[in-house]
Amino acid sequence: MTGQPRYYLTTPIYYVNDSPHIGHAYTTLACDVIARFKRLDGFDVKFLTGTDEHGQKVEKSALAAGIAPQEFTDRVSQNFRDLAAFMGYSNDDFIRTTEPRHIASCQALWRKLVEKGEITLGSYAGWYSVRDEAFWGEDELTQGPNGTKLAPTGAPVEWVEEPSYFFRLSGWQQRLLDFYEQNPDFIAPTSRRNEVISFVKGGLQDLSVSRTSFKWGVPVPDDPAHIMYVWLDALTNYITAVGYPETSGEYARYWPADLHMVGKDILRFHAVYWPAFLMAAGLEPPRRVFAHGWWTNEGQKISKSLGNVIDPIKLVEHYGLDQVRYFLLREVPFGNDGDFSHRAMINRMNGELANDFGNLAQRSLSMINKNNDAQVPAPGQFSAEDTELLAAAAGLLPKLREAIDRQMFHEGLEAVWQVVRAANGYVDRQAPWALKKTDPARMRTVLYVLADTVRQLALLLQPVMPGSTARLLDQLAVPSDRRSFAAFDQRLAAGTPLPKPEGVFPRFVETEAGGAA
Ligand code: ME8
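Asks: Outline the overall build of the protein chain, listing residues and values.
Replies: Regarding its fold elements, the protein chain presents 19 helices and 17 strands. Its C-alpha atoms give the protein chain a radius of gyration of 26 Å, near enough to 24 Å, the size a compact globule of 517 residues would have. The burial tally for the protein chain puts 56% of its 517 residues in the buried class. Sequence-distant contacts, at least 24 apart, represent 76% of the contacts inside the protein chain between residues at least 6 apart. Total accessible area computed for the protein chain in this model is approximately 21300 Å², and 51% of it derives from carbon and sulfur atoms.

Right under this line is the structure:
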C-alpha cells in the first residue's frame, strides 16, 4: 500500500515519577481521536505514546519508594500502559526510554551531533530544577521562602556546578526563526507560536546536555562519567520509534512526524530544542507541534499536595468511557485551559449525549422498529427539507477533516451537534408518528432520512466515542466494512432487517449522595 498517505503522531512520553492522571489521559485521548479519524479516512497511521524513565526526578522517586530505578520504572510504566488499554487508546507502539532500542538511538544521535561539531565539552554553573528537569537563567527566577529561589513554574531550583557537554544552541537562533517563518503551521495555537518566537528572538544560550552528578540515564558515548540530559534523551524517543539510527524502513516512511501533541508546559522543549537538535544532526524537524491547555479541578490547580488529582479511571467508572472522552474534548476549546467540574460533566452527558443525540437515535430507531417491521424503510421522493438535512450531514465530513487537521476538536463537535439539533427539529416538524395514518409512504421517507442521518453522525463520531457508535451502527445493521469514511456516501439499503433498538447514551441520575443511581 505504498500510495496510502501516512500520518505519524505522538504524545509526550510521561514521567514515571507519578501515577497517570486526567492531564495525561487528556493528551493521549486527543491523539487517539486524531489517529482513529485518520485511519477511518484511509491513512496509514502510526500513533506513539510511552514513558520517560530517566533523569534525576525519576531516580529520586525510586529512592523515595525504596526500590531500584529499573524496578520502579517497570512498575509505574505499567500503570500508563494499563491506562491506555482502559481508555481504549489505539496507540501502535508504547516506547520506554529504558529500552535498548532507545539507548542505541540516543547514542547515535549524540555521535552525529559531535561529528557535526554541535556538541563540545565545557563546564556548567547555573540553576537547575529537578522537578522541571530544566535549567533556568538567573533573570527568570523569583524569590522563594527562606532565601530560596524558584523557577517560573514555581519549582525549587538548586545551584549546579559541574563539567558538562554543551549543545551549540546559540548558533541556531536565526535558523530557527527562519524555520518558523517558512513553516507558519509548525507551532499552534498562534498565541503559543508568538511566545516561542519572542523567546527565541530574546537570544539563545548554549544548552547543557550532560550531567555528572547522578547515574540514572543514557551514558554519553566514550565518556560514561556523563549522563545525557534527560530532555535530549526523551525527545529522541520520537525517532527511536521509527527505527533511528536506521533511516530506511519506518523512518523513511513516517519521519518527519506530522504532529507532536504536548501540553503548554513543555512547548519550549519541542518547538525550540528539538528542531534545533534535529537540524543540527542533518535530520528533518517535525511538521507541527500543538500545545494544549491545562486542566484545573473545580477551579483549583491539580496537584498531589492539594490532594485533588483526578483519576481518569474513577471518572470513567462513574460516568462511562465515551461520556468522559466526549466531555474532555467538547467542554474546552482545544488549546485553552479548562476547568473540570462534575456539574459540567453531567450537563454535557445529559444535555448533549442523552437528550440531543441519544434521543434522536432512539426515537428514530424505535419508530422504524414499530412502524416499519424493523426494517430500513424504502424512501420515496425526497422533499427539500429531506435533502437539506442529508446534505448538512454529508457536509460534516469535509468540515471534520479540516477541524482534525487543525486539532480543533470542539469546533468539529459543535458542527456535528448543529446537525443533531437540526435533525431533532426535523423530527418535530415532520411528525412521522402522525403520518402513520395520513401518509405512510411519507412516513417511510422521513424515517429513512432520519436513519441515514443517524448513520452518518455515528460514523463521524466513531473516533471520539468508539464503543457507543459501534453499538449504534450495529443497530443500523451497518456492516463492519462500511464503517470507514470511504463508505460514508453509501446510504442504508431499504429492506435491511434491523435488530431491536436500545438506548446507547444513558442519562446520569444523581443520587442524594451525589453518586450515580
Ligand atoms: O513533561 N492538564 O512528562 P509529564 C493538561 N516527560 N495536561 C496535563 C496536565 C494538566 N493538568 N498535567 C499533565 C513530561 N498534563 C516529560 C515529557 S516528551 C519528550 C517528555 C500532560 O509526565 C500534558 O501533556 O510531566 C503535559 O505536557 C504532560 O502531561 C507532562 O507530562
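Asks: Tell me about the site of the ligand, and name the residues and values.
Replies: Near the ligand lie 22 residues; those nearest to it are Ile13, Thr27, Asp52, Asp265 and Trp295. Interatomic distance of 2.9 Å between a backbone N/O atom of Tyr15 and an oxygen atom of the ligand. Trp295 places a polar main-chain atom, nitrogen or oxygen, 2.9 Å from a nitrogen atom of the ligand. For the ligand, whose free accessible area comes to 680 Å², the fraction covered by protein is 94%. Going through the elements one at a time, β1 (6-15), α1 (22-40), α7 (230-235) and α8 (237-240) are the ones with two or more residues in the shell around the ligand. The leading source of residues in the shell around the ligand is β1, at four residues.

Asks: Explain the pattern of salt bridges to me, using residue names and the numbers behind them.
Replies: Counting across every chain of the model gives 36 salt bridges. Glu402 is the salt-bridge partner of Arg406, the closest N and O atoms lying 3.1 Å from each other. Since its relative accessible area comes to 32%, Arg406 is described here as partly exposed. Accessibility expressed as a relative area gives 45% for Glu402, which makes it partly exposed.

Asks: Describe the pairing of strand β3 (residues 93-96), listing the residues and the values that go with them.
Replies: Of the two faces of β3, the one holding Asp93 and Ile95 and the one holding Phe94 and Arg96 are both buried throughout. Sheet topology places strand β2 (residues 44-52) next to β3; four bridges connect them, and they run parallel. Pairing of Leu48 across the sheet is with Asp93, part of β3.

Asks: Report on the environment of Gly171, specifying residues and quantitative values.
Replies: Of note, Gly171 is situated in the loop between β8 (158-167) and α5 (173-182). When its relative accessible area of 37% is taken as the criterion, Gly171 is described as partly exposed. A sequence separation of 53 residues divides Gly171 from Glu118, and the C-alpha atoms of the two residues are 9.0 Å apart.

Asks: Talk me through the nonpolar core; I want residue IDs and the actual numbers.
Replies: Counting residues in hydrophobic clusters, the biggest one holds 94 residues, and the most contacted among them are Leu9, Leu329, Phe357, Leu360 and Trp417. Within the second largest apolar cluster, 84 residues are counted, among which are Trp127, Ala241, Trp255 and Phe277.

Asks: Go over helix α16 (residues 409-430) with me, naming the residues and quoting the values.
Replies: Compared with an ideal rise of 1.5 Å per residue, which puts 22 residues at 32 Å, α16 spans 32 Å between its outermost C-alpha atoms and is within 8% of the ideal. Just beyond α16, the residue with positive phi is Ala431, at close to 40°.

Asks: Can you explain the sheet that holds strand β4 (residues 119-129)? Please cite residues and give values.
Replies: The four strands lie next to each other as β5-β4-β8-β10, forming an open sheet whose pairing is antiparallel. This sheet does not close on itself; its edge strands, each paired only once, are β5 (134-136) and β10 (207-208). Taken together, the three bridges between β4 and β5 define a ladder with antiparallel strand orientation. Note on β5: the bridge partner recorded for Ser129 is Ala134. Of the strands in this sheet, β5, β8 and β10 are in contact with helix α10 (residues 267-280), which crosses β8 at around 30°.

Asks: Any details on the pairing of β4? Residues and values, ideally.
Replies: Pairing geometry for β4 and β8, over 10 bridges, is antiparallel. Paired with Tyr128 across the two strands is Glu158, which belongs to β8. Remark: four residues form the turn of the hairpin made by β4 and β5, two consecutive strands paired antiparallel; Glu133 in that turn has positive phi of roughly 50°.

Asks: Account for a positive patch on the surface, naming residues and giving values.
Replies: Together, Lys370, Lys436, Lys437 and Lys500 make up a positively charged patch on the protein surface. Mapped onto the elements, Lys437 comes out in helix α17 (residues 432-438).

Asks: Quick rundown of the environment of Met261? Include the residues and the values.
Replies: Counting through the fold element by element, Met261 comes out in strand β13 (residues 259-263). The exposure class assigned to Met261 is buried, which follows from its relative accessible area of 0%. Apart from residues no more than four positions distant in its own chain, Met261 is found in contact with Thr10, Thr11, Pro12, Thr27, Ala30, Cys31, Ile34, Phe290, His292, Phe334 and Gln407.

Asks: So what's going on with the sheet that holds strand β9 (residues 187-188)? Which residues, and what values?
Replies: Spatially, the six strands line up as an open sheet ordered β3-β2-β1-β13-β14-β9, and their pairing is parallel. A single partner strand is all that each edge strand has here, and the edge strands are β3 and β9. Bridge count for β1 against β13 is two bridges, and the pairing is parallel. Bridge pairing links Thr10 to His260 in β13.

Asks: For the packing of aromatic side chains, give the residues involved together with the corresponding values.
Replies: Note on aromatic pairs: each is described by the distance of the centres and the angle between the planes. Applying the stated criterion across every chain, the model contains 32 aromatic pairs. Plain terms: the ring middles of Phe334 and Phe409 are 4.8 Å apart, the flat faces sit at 85° to each other, and that makes the pair edge-to-face. Taken together, the residues span a long stretch of sequence, with Phe334 in the loop between α12 (321-331) and β17 (338-340) and Phe409 in helix α16 at a distance of 75 residues. A single burial state applies to Phe334 and to Phe409, both of which are buried.

The rules behind the values
- Residues numbered from 1 in each chain as written.
- Predicted model: local features only at pLDDT ≥ 70, side-chain atom pairs only at ≥ 80, totals over all residues.
- Heavy atoms only, no water.
- Helix = DSSP H or I, 4+ residues; strand = E, 2+ residues; numbered from the N terminus.
- Rg over C-alpha atoms; globule rule 2.2 N^0.38 Å.
- Buried < 20%, exposed > 50% of the residue type's maximum accessible area, 1.4 Å probe, protein only.
- Contact = heavy atoms within 4.5 Å.
- Areas by Shrake-Rupley, 256 points an atom, 1.4 Å probe, with all protein chains shown as cover.
- Near = heavy atom within 4 Å.
- Polar contact = N/O pair within 3.5 Å; in protein donor to acceptor, adjacent residues only side chain to side chain.
- Salt bridge = Lys/Arg side-chain N within 4 Å of Asp/Glu carboxyl O.
- Pairing = 2+ DSSP bridges.
- Core = buried A, V, L, I, M, F, W, Y, C linked by side-chain atoms within 4.5 Å.
- Expected span 1.5 Å × (residues − 1).
- Axes fitted to C-alpha atoms, helices over the stretch in contact; angles between N-to-C directions.
- Patch = residues over 30% accessible without salt bridge, like charges linked within 9 Å, V, L, I, M, F, W, Y side chains within 5 Å.
- Lys, Arg positive; Asp, Glu negative; His and termini not counted.
- Charge placed at Lys NZ, Arg CZ, Asp CG, Glu CD.
- Phe/Tyr/Trp six-rings, centres within 6.5 Å; stacked < 30°, edge-to-face > 60°.

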